[in-house]
Amino acid sequence: MTGRLAATGQRLARGTGLLLESPSRWFEVSTMGALVVRLAVPVGGLAFAGRVLERAPHLIYAVPVGWLWAAWAMSDSPATPPPLPETPSGDVYAGEVLRVDRVERGPEGVTCTVHVVREEVDGS
């Protein structure tokens, strides 16, 4: 039970961190007009939420429920990239399977020359 509780806490903490990080990217804009719009939207949203809470104060209980839902959803985002495809072995070149005679590495270890087995074809 404590393992599941710890995993849930870690997931909510990760989601909360992502929620707190995302507003910082909200203000990365290139023009002054875009900055004004991006400042007006949260101010308008807060004003609207304040007016709603004046008329229905019991809706304040939706705030923690909304936070839990948002943190849980954000933590489920694909944080790890998908696995890479298999790397080709030394006998694959340009999508074709070749028989390798030998592989020579350069003196610095950066370059690699693959020598394939040549098949002689009779021209007659």
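Refer to the preceding data block for the structure.
About the thresholds
Residues numbered from 1 in each chain as written. Predicted model: local features only at pLDDT ≥ 70, side-chain atom pairs only at ≥ 80, totals over all residues. Heavy atoms only, no water. Helix = DSSP H or I, 4+ residues; strand = E, 2+ residues; numbered from the N terminus. Buried < 20%, exposed > 50% of the residue type's maximum accessible area, 1.4 Å probe, protein only. Contact = heavy atoms within 4.5 Å. Areas by Shrake-Rupley, 256 points an atom, 1.4 Å probe, with all protein chains shown as cover. Salt bridge = Lys/Arg side-chain N within 4 Å of Asp/Glu carboxyl O. Expected span 1.5 Å × (residues − 1). Arc of directions from axis to C-beta. Polar contact = N/O pair within 3.5 Å; in protein donor to acceptor, adjacent residues only side chain to side chain. Pairing = 2+ DSSP bridges. Patch = residues over 30% accessible without salt bridge, like charges linked within 9 Å, V, L, I, M, F, W, Y side chains within 5 Å.

(A) A look at the overall build of the chain. Looking only at helices and strands, the chain features three helices and four strands. When the helices and strands of the chain are read in sequence order from the N terminus, they spell out α-α-α-β-β-β-β. Going through the 124 residues of the chain one by one, you find that 6% of them count as buried. Within the chain, contacts between residues separated by at least 24 positions form 35% of all contacts whose residues are at least 6 apart in sequence. Of the roughly 10,900 Å² of accessible surface on the chain, 64% is carried by carbon and sulfur atoms.

(B) Representation of the pattern of salt bridges. All told, the structure shown has two salt bridges when counted by the stated rule. The shortest N-O distance in the salt bridge between Arg51 and Glu54 comes to 3.9 Å. Of the two residues, Arg51 and Glu54 both sit in helix α2 (residues 32-55), three residues apart, roughly one turn of that helix. With relative accessibility at 58%, the residue Glu54 sits in the exposed group. For the salt bridge of Arg102 with Glu104, the shortest nitrogen-to-oxygen distance reads 3.1 Å.

(C) The environment of Arg99, seen in detail. Among the structural elements, Arg99 can be located in the loop between β2 (96-97) and β3 (100-105). Relative accessible area serves as the criterion here: at 51%, Arg99 is assigned to the exposed category. Counting along the chain gives 19 residues from Arg99 to Arg118, while the straight-line C-alpha distance between them is 8.6 Å. If we skip the residues at most four places from it in the chain, Arg99 touches Val116, Val117 and Glu119.

(D) The arrangement of helix α3 (residues 62-75) in detail. Taking 1.5 Å per residue, 14 residues should reach 20 Å; α3 reaches 20 Å between its end C-alpha atoms and fits that length. Along α3, the residues that are buried comprise Ala70, Ala71 and Ser75. The buried residues of α3 occupy an angular sector of 125° when projected down its axis, which confines them to one face. Away from its buried face, by an angle of more than 90 degrees, α3 presents the exposed residues Val65 and Trp69.

(E) The arrangement of α2 in detail. For α2, spanning 24 residues, the distance from its first C-alpha to its last is 35 Å, which sits close to the expected 34 Å at 1.5 Å a residue. Two or three places before Ala34, at the start of α2, stands the capping residue Thr31, its side-chain oxygen 3.3 Å from that residue's backbone nitrogen.

(F) Quick peek at the pairing of β3. Across five bridges, the pairing between β3 and strand β4 (residues 112-116) is antiparallel. Counterpart to Val100 in the pairing with β4 is Val116. What sits between β3 and β4 in their antiparallel hairpin is a turn of six residues, with Gly109 showing a positive phi close to 85°.

(G) Spotlight on a nonpolar patch on the surface. On the surface, a nonpolar cluster with roughly 250 Å² of combined accessible area is contributed by Val100, Val103, Val114 and Val116. Of all the secondary structure elements, the ones that give two or more residues to the nonpolar patch are β3 and β4. With respect to the element layout, Val116 can be found in strand β4.

Interpretation in functional terms is not warranted from these geometric data alone.
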